[in-house]
Amino acid sequence: MTALYIILGIILFFFLILSVKVKVTVHSEDGVSLSVGWLFLKFNILPKKEKPKKKKKKKKEKKKKPESEQENQDKPVKEPKDNPLITFYRNNGVEGVIDLVKRLSVSLKGMFRRIYRSFTIEDIAVSLLVGAGDSAETALKYGRTCSAFYPAMGFVVDNMRVRKYSAEVSPDFINGSNKARLHAVISVIPRRLINAVIIVAFSLIFRVGIRFLRGLRKKKPDEKSNKPAAVNVPAQSGTAN
């Protein structure tokens, strides 16, 4: 019983640890900064700190001895292996390849949906300042930017878990400058992400992997087709002289 309690305690410990959110903070204005936080730990990934360069000692290059012709002749020549995709196509034809691509597209569609649904955007703020040399050009550029930016932002908000967001596009008719500012805090529960990856992996194995491996095998011809057709020989009747 003691061993069972220890195993259950270890499982519960990892379950609780993997249920703690991992937060990723991205800020981009003059430069890009990226940091990852989990529990009381925080890792600054960008910008990277420059390490002092160490002086490298020059190594003396050793002269390689030329191989003799006899050694080259003794080496066995490796036969090129067939490409598995070409083998699958030969065994299954165009219909088999189309069926495999359909299975792969269904699995990938579910993969992206499950994985990005495991992320949560806690806060995202995007601010764009659009300008050009002339006021008329600035107005046209502002219109084109709005027509592309707001639908893209709406797609993100509708298809992902977003708790707080703000988006702003402003024209700069005076200075004609262009600036962009992004601040985003994204969180993910490792347990949900692991579950999504496991489900996707099993889907790829059973939908695509097994079908692909079966397609690499050569189809055995039917036994009936191999049997020679029976020839009916007419019976001859006659009298011997």
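Our structure's up above, just so we're on the same page.
Given the structure is predicted, the values throughout are model-derived calculations rather than measurements.

The terminal C-alpha atoms of helix 4 (residues 135-159) lie 36 Å apart, and with 25 residues this matches the ideal 36 Å at 1.5 Å per residue to within 8%. Buried residues of helix 4: Thr-138, Cys-146, Phe-149 and Met-153, and no others. Buried-residue contacts for helix 4 involve strand 4 (119-130) and strand 6 (165-171). Sitting at the head of helix 4, Asp-134 places a side-chain oxygen 3.1 Å from the backbone nitrogen of Ala-136.

With the rule as written, the count across this model stands at three salt bridges. Among the salt bridges present, the one from Arg-181 reaches Glu-29, with a minimum N-O distance of 3.8 Å. With a gap of 152 residues between them, Arg-181 in strand 7 (residues 179-188) and Glu-29 in the loop between strand 1 (22-28) and strand 2 (32-38) connect regions that are remote in the sequence. The class of Arg-181 is partly exposed, set by a relative accessible area of 33%.

Tallied over the full model, the rule gives two aromatic pairs. Taken together, a centroid distance of 5.6 Å and an interplanar angle of 75° make the contact between Phe-13 and Phe-14 edge-to-face. You can call Phe-14 partly exposed: its relative accessible area is 48%. On the numbers, 5.3 Å between centres and 65° between planes, the contact of Phe-149 with Tyr-150 is edge-to-face.

Let us now look at a nonpolar patch on the surface. Together, Ile-6, Ile-10, Phe-13, Phe-14, Leu-18, Ile-194, Ile-198, Phe-202, Ile-205, Phe-206 and Ile-210 make up an exposed nonpolar region whose accessible area comes to about 1000 Å². Residue assignment for the nonpolar patch shows that the elements contributing at least two residues are helix 1 (2-18) and helix 5 (190-216). By residue number, the principal contributor to the nonpolar patch is helix 5, which donates six residues. Relative to the assigned elements, Phe-14 resides in helix 1.

Reading guide: rules and limits
- The written sequence of each chain sets the order in which its residues are numbered from 1.
- Residues qualify for local features only when their pLDDT is at least 70, as the model is predicted, and side-chain atom pairs are given and counted only at 80 or more; totals for whole chains, interfaces and linings, by contrast, use all residues.
- Note that water and hydrogens are dropped before the side-chain values are worked out from all heavy atoms of the structure.
- By definition, any uninterrupted DSSP run of H or I lasting at least four residues is a helix, any uninterrupted run of E lasting at least two residues is a strand, and each is numbered from the N terminus.
- To estimate how far a helix should reach, multiply one less than its number of residues by 1.5 Å.
- To sort residues, take the accessible area from a 1.4 Å probe on protein chains only and compare it with the maximum for the residue type: under 20% means buried, over 50% means exposed, and anything in between is partly exposed.
- Residue contacts are counted whenever heavy atoms from the two residues lie within 4.5 Å of one another.
- Each polar contact in these results corresponds to two N or O atoms within 3.5 Å; when the atoms are within protein, one needs to be able to donate a hydrogen and the other to accept it, and residues that are neighboring in sequence are counted only if both atoms are side-chain atoms.
- The term salt bridge refers to a pairing of a side-chain nitrogen on Lys or Arg with a carboxyl oxygen on Asp or Glu at a separation within 4 Å.
- Aromatic contacts are taken between Phe, Tyr and Trp rings whose centres are within 6.5 Å, Trp giving its six-membered ring; a plane angle under 30 degrees counts as stacked, one over 60 as edge-to-face, and the others as tilted.
- Each patch is built from residues lacking any salt bridge and having more than 30% relative accessible area; the joining distance is 9 Å for like charges and 5 Å for nonpolar side chains (Val, Leu, Ile, Met, Phe, Trp, Tyr).
- Computed with the Shrake-Rupley method and a 1.4 Å probe, the accessible areas treat only the protein chains shown as cover for residues.

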